[in-house]
Amino acid sequence: MRIPEKILKKVEKPGRYVGGEWGQVIKDKKDVNVRFAFCFPDTYEIGMSNLGVRILYDIMNKIPDVWCERAYAPWTDMEDYMRANDIPLWAIESSDELREFDIVGFTLQYELCYTSVLNMLNLAKIPLLSADRGADSPIVVCGGPCAYNAEPMADFVDIFIIGEGEYAMTDLIDEYRKYKSGMSKEDFLHEAAKIEGFYVPSMYTVEYNPDGTIKRYVPKYDDVPMKIKKRIVADMDKSPFPENLVMPYIETVQDRIVLEVYRGCIRGCRFCQAGMTYRPVREKTVETLNEQAKKLAENTGYDEITLSSLSISDYSCIDHLTDEMLKWTDDRKISLSLPSLRVNSFTKELMDKISTVRTGGITFAPEAGTQRLRDVINKNITKEELLRACHVAFAGGKTQVKLYFMQGLPTETDEDLDGILELSRDVIEEFYHTPERMKRTPQVTLSTACFIPKPFTPFQWEAQCDYDELIRRQRYVVSQNNDRRIKYNYHNAAVSRIEAVFARGDRKLCAVLSEAARRGMRLDSWEEFFDYEQWLDVFAAVGIDPAFYANREFGEDEWLPWDVIDVGVSKEFLLRERHNAHAGKTTVSCAEKCSGCGANKLGGECTWCPKTKDSN
Amino acid sequence: MVSEDERFELRVKFTKKGGLKYISHLDLARTVRSAFLRARLPVWYTLGFNPHPKFNFSLPLSVGTSSECEFMDIMLTEKLDGSKVTEMLNAAFPPDLRVTDAYYPTTKFSQIGWAEYELDITSPYASDELAGRILDALDGDINIVKKSKSGMKPMNIAPYVRNASCTFADGKLIFRVLLSCGENTFVNPKYLIDHLEEALPTEFADADYTTCRTQVYYDDGVTVFT
């Protein structure tokens, strides 16, 4: 351990920094040829909960001469001590400095982590700009959901991995071996750019129109692709899944087994990025899942298993799976939990089976207050379905319901905002119409997020409401709510605005991030460190208008910053869906009928996608 | 009424070192709990709505202090050999947590009276002379302010500090001391460090130190607790 004891004794939660957990992988450096530092640009507690990190840590460490270690963003108290004592950022397992590694990889889970990525590179004394990193610096790669449009990070990152990393990581390491055996960095990046799913931003120059929109992307060499196709795992049953986990000592956000049941989503909510980018839908079989769950439970000693997916109740064998798992979990005092439920799948049987449903709070996500707006966003649930689900919950002894909504959705009016409160009052009413209800006052907690237009969604062209308008709509709901049984919480509109800027950003924003890094900004996903005024000041300092990205309606014929990426779902489909939205027309789920999104061209063994089934 | 299963209380003696010393009691308990499941140890679960294994730790251990002699009493549903349990737990514990002994106890944790600590102090001022001054600083009253739930309480802990010794070797100071573990007279080694930092501010300004609990005794401060 290289961190002086006197520092560890002073910082908050020193357990974040010391490693030594059960399940961590230690290798002998003399047997290792490639060292990979898997960095999570947020705290240990958050990073340790990430399923992607768990999967890729396991895959890389199974390669005998590769050692994958972990690194996290230090909390500010530790950062201060590190800077004061000149301690560069290190990796948990070996305590070696990050700059000694071959590859430093970051997962980009949300846009507001970008400043933390740069701050971690800075703490590691690794040059921020890709162009400034020579053969003596690590290769910096990024993946994760934000990599689908990480153009604001283009100047800092050598390679983006687009899509699912299971097999891409081994390709990366193989290519890196060639680099290490004697190849210039430029040649290495050129070669890497030819690998499927590898986006090397330096291989493309961007030309702009006078109005600041993109004119075109020009590849530097003839043999690098015009579009980078997303990687997917074809067969989820054969896809590597860890049988062991690093067991954190300190409590983390997801301190349990997270069993990934399937990838993708059959629903097609028009605001949802994950619902589009994880297509095509691919399920694991009950046998595989049960086996994976058993092994993980045996090897980790966790006493809770979360069944995880974008919409878990849409898993085609959910009843069979829970029945099979309950055969052994009860005996071993292991509880099952589900992250989120659609109202139409919420039944008494499920409530009896799933302990977290039994004991925890009940949350539903109608997303919009009126049927009209729910049709616009393609959230295909009705008021009656919501009330039925609440009825079941109230009959089962619940008195509190949490409802998630979005504000600022395209076409939203004050009537839709009224609808949010009306729906909440209907839920309260439903409580009193439930004969088996508890003798207590019901409570509805409303949580509203601000709509953020995201790449690769039918709403990618939409403008976000102006900041003042977002605030007005929040205040409007506050002013209209006179029922003490309805509690209203809302997200910070300023955070949502900055997120919108970076979500649809282009390479010009690299200058913004450089300036933010220079000012030492980081941990922007933490309310206590997010500083809107500072952000506005940074934009002004580099002469960039955030409204160009957040509050502008993008042209349907415009070259979008993420058009260089092929995510499977076609732009034509997204456009069709956008037009359906504005016409108030819904689109049925993949289970009912294929809507022709185009993701089937990626292949993959999947249950729901009829077209892929035909072609297999 | 559900009839209670037959159960056996086993005492496990273990060491807590390395990074693990920065892990709190509560987090240690979670680690132990998952290790029970990994080890497939036949632990007894409490009855009721939220069944959980039952185990108690002997003494509180401050975050940052390692230990060569921690104890926990665990409840089993089978009377396994201590050596078997030692083997099972060591296979399931992280490397910094090691079981050194396991047996069916005849004593209670409340019989513990004293604990011995070793502090390794590195300081640019480390010398035989400083070793002597450290002992001098602990001669007489040792007035500290004890933080408790009811607030700050001034206290002279001298009666609860025994057998202090300090030697200078290999460039560092090795300080050994016996501290009371009584319920109301528990002395955290941190109090001594605070006291020394106050008494010798220059010498301790750049000092770094490790603390380790090395032995636990009965009330007499002489007989080793088992």
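Remember, it's a predicted structure, so these values are computed and weren't measured experimentally.

A.B. asks: Just checking my understanding: could you explain the overall build of chain B for this structure?
C.D. replies: From N to C terminus, chain B includes 5 helices and 10 strands. Of all 226 residues assigned to chain B, the portion counted as buried reaches 31%. Looking at chain B alone, contacts between residues at least 24 apart form 72% of all its contacts between residues at least 6 apart.

A.B. asks: What is the right way to read the environment of histidine 579 of chain A from this model?
C.D. replies: All names here are of chain A. Along the polypeptide, histidine 579 turns up in helix H21 (residues 571–582). Judged by C-beta crowding, with 12 C-beta atoms within 10 Å, histidine 579 ranks as exposed. On a C-alpha basis, the gap between histidine 579 and isoleucine 173 in space is 43 Å, while along the polypeptide they are 406 residues apart.

A.B. asks: Explanation requested: the sheet that holds strand S14 (residues 335–337) of chain A in the structure shown.
C.D. replies: The strands making up a sheet associate through hydrogen bonds between their backbones, and the pairing can be parallel or antiparallel. Residue and element names in this part refer to chain A. Judged by pairing direction, the sheet is parallel, and its 3 strands sit side by side in the order S10-S13-S14 without closing on themselves. Only two strands of the sheet have a single partner each, and these edge strands are strand S10 (257–260) and S14. For this sheet, the mean angle separating the axes of adjacent strands, direction not counted, is 25°. By the bridge criterion, 3 bridges tie strand S13 (residues 304–308) to S14 in an arrangement that is parallel. Directly across from glutamate 304, in S14, lies its bridge partner serine 335. Sheet contacts for helix H9 (residues 286–300): S10 and S13; angle to S10, the most-contacted strand, approximately 165°.

A.B. asks: How should the interface of chain B and chain A be read in this particular structure?
C.D. replies: Accessible area lost upon the coming together of the parts is a frequently used measure of interface size. Residue-level contacts link 21 residues of chain B with 23 residues of chain A. Secondary-structure elements contributing two or more residues to the side of chain B that touches chain A are helix H1 (25–39) and strand S10 (208–218) of chain B. No other element matches the 6 residues that H1 of chain B contributes to the side of chain B that touches chain A. The residue makeup of the side of chain B that touches chain A, split by class, is 11 nonpolar, 6 polar and 4 charged.

A.B. asks: Looking at this structure, I do not really get the domain arrangement of chain A. What am I missing?
C.D. replies: Residues and elements named next belong to chain A. When cut into domains, chain A gives domain 1 (5–229) and domain 2 (234–355 + 586–616). Contacts between domain 1 and domain 2 engage 19 residues on the former and 20 residues on the latter. Elements represented by at least two residues in the side of domain 1 that touches domain 2 include exactly helix H2 (44–47) and helix H3 (51–61). Element by element, the count of residues in the side of domain 1 that touches domain 2 is highest for H3, at 5 residues.

A.B. asks: Would you take a moment to explain unusual backbone geometry for this structure?
C.D. replies: Generally, phi is negative for residues other than glycine and the peptide bonds are trans, each holding for most cases. Cis geometry marks the peptide bond from arginine 279 of chain A to proline 280 of chain A; its omega dihedral reads 0°. In this structure, proline 280 of chain A sits in the loop between helix H8 (273–277) and strand S12 (282–283). A positive phi angle, near 65°, is found at serine 95 of chain A, a position not held by glycine. Within the fold, serine 95 of chain A resides in the loop between helix H4 (76–84) and strand S3 (103–107). Classification of serine 95 of chain A by C-beta neighbours within 10 Å gives partly exposed; the count is 15. We note that asparagine 163 of chain B has phi near 50°; this positive angle belongs to a residue other than glycine. Position of asparagine 163 of chain B among the secondary structure elements: in strand S8 (residues 161–169). Residue classification places asparagine 163 of chain B among the exposed positions, given that 12 C-beta atoms sit within 10 Å.

A.B. asks: Help me understand the nonpolar core, please; the structure alone is not making it clear to me.
C.D. replies: In a soluble, globular protein the nonpolar side chains are often hidden away together inside. The biggest cluster of nonpolar side chains holds 176 residues, and the ones touching the most others in it are Leu98 and Val157 of chain A. There are two domains that each give this core at least three residues, and those are domain 1 (5–229) and domain 2 (234–355 + 586–616) of chain A. Other than its neighbours up to four places away in sequence, valine 157 of chain A contacts Ser130, Val140, Val141, Cys142, Ala150 and Pro201 of chain A. In this structure, Met78 of chain A together with Val32, Val43 and Val99 of chain B belong to the second largest nonpolar core, which totals 30 residues.

A.B. asks: Can you walk me through the packing of helix H16 (residues 467–480) of chain A against helix H17 (residues 493–503) of chain A in this structure?
C.D. replies: When two helices pack together, their arrangement is given by the angle between the helix axes and the distance between those axes. All names here are of chain A. Axis separation between H16 and H17 bottoms out at 10 Å; the angle between their running directions is 140°. Relative to H17, H16 is oriented oblique. The interaxial crossing formed by H16 with H17 has right-handed handedness. Taken together, the residues of H17 that come into contact with H16 (itself represented by Tyr467, Leu470, Ile471 and Gln474) are Ala493, Ala494 and Arg497. Here the contact of H16 with H17 is composed, by residue class, of 5 nonpolar, 1 polar and 1 charged.

A.B. asks: Which parts of the structure should I look at to understand the confidence of the model for chain B?
C.D. replies: Detailed conclusions should not be drawn from predicted coordinates in areas where pLDDT is low. Residues and elements named next belong to chain B. Across chain B, the average pLDDT comes to 91, with 98% of residues at 70 or higher. At the low end of the mean pLDDT range in chain B sits strand S6 (residues 143–148), at 81; at the high end sits strand S4 (residues 97–103), at 97. Predicted complex metrics record ipTM = 0.88 and pTM = 0.93.

A.B. asks: Honestly, the packing of H1 of chain B against helix H2 (residues 82–92) of chain B in this entry has me stumped. Any pointers?
C.D. replies: All names here are of chain B. For the pair H1 and H2, interaxial distance at closest approach is 8 Å and the crossing angle is 110°. By the criterion of interaxial angle, the relationship of H1 to H2 is roughly perpendicular. Our pair here, H1 against H2, has a crossing hand that is right-handed. For the pair H1 and H2, contact is made by Ala35, Arg38 and Ala39 and by Met88, Leu89, Ala91 and Ala92, respectively. Residues belonging to the contact of H1 with H2 are distributed by class as follows: 6 nonpolar, no polar and 1 charged.

A.B. asks: Honestly, the domain arrangement of chain B in this entry has me stumped. Any pointers?
C.D. replies: All names here are of chain B. Once the domains are mapped, chain B shows domain 1 (8–106) and domain 2 (110–218). Centre-to-centre, using C-alpha coordinates, domain 1 lies 28 Å away from domain 2. The interface of domain 1 with domain 2 comprises 10 residues on the first partner and 12 residues on the second. Looking at the side of domain 1 that touches domain 2 residue by residue, the classes come out as 3 nonpolar, 6 polar and 1 charged.

A.B. asks: Explanation requested: the sheet that holds S3 of chain A in the structure shown.
C.D. replies: Residue and element names in this part refer to chain A. Pairing is mixed across the open sheet formed by 6 strands, whose spatial order is S2-S1-S3-S4-S5-S6. For this open sheet the edge positions go to strand S2 (66–72) and strand S6 (198–199), each flanked by a neighbour on one side alone. Contacting strand S1 (34–40), S2, S3, strand S4 (139–143) and strand S5 (159–161), helix H6 (residues 168–180) runs over the sheet at an angle of about 135° to S1.

The rules behind these values
Residues numbered from 1 in each chain as written. Chains lettered and ligands numbered in written order. Predicted model: local features only at pLDDT ≥ 70, side-chain atom pairs only at ≥ 80, totals over all residues. Helix = DSSP H or I, 4+ residues; strand = E, 2+ residues; numbered from the N terminus. Buried ≥ 20, exposed ≤ 12 C-beta atoms within 10 Å, placed from the backbone. Contact = placed C-beta atoms within 7 Å. Pairing = 2+ DSSP bridges. Axes fitted to C-alpha atoms, helices over the stretch in contact; angles between N-to-C directions. Nonpolar A, V, L, I, M, F, W, Y, C, P; charged D, E, K, R; others polar. Domains from an automatic or database assignment. Core = buried A, V, L, I, M, F, W, Y, C linked by C-beta atoms within 7 Å. Parallel < 35°, antiparallel > 145°, perpendicular 65-115°, else oblique. Left-handed = near helix turned anticlockwise from the far one by under 90°. pLDDT = per-residue confidence, 0-100.

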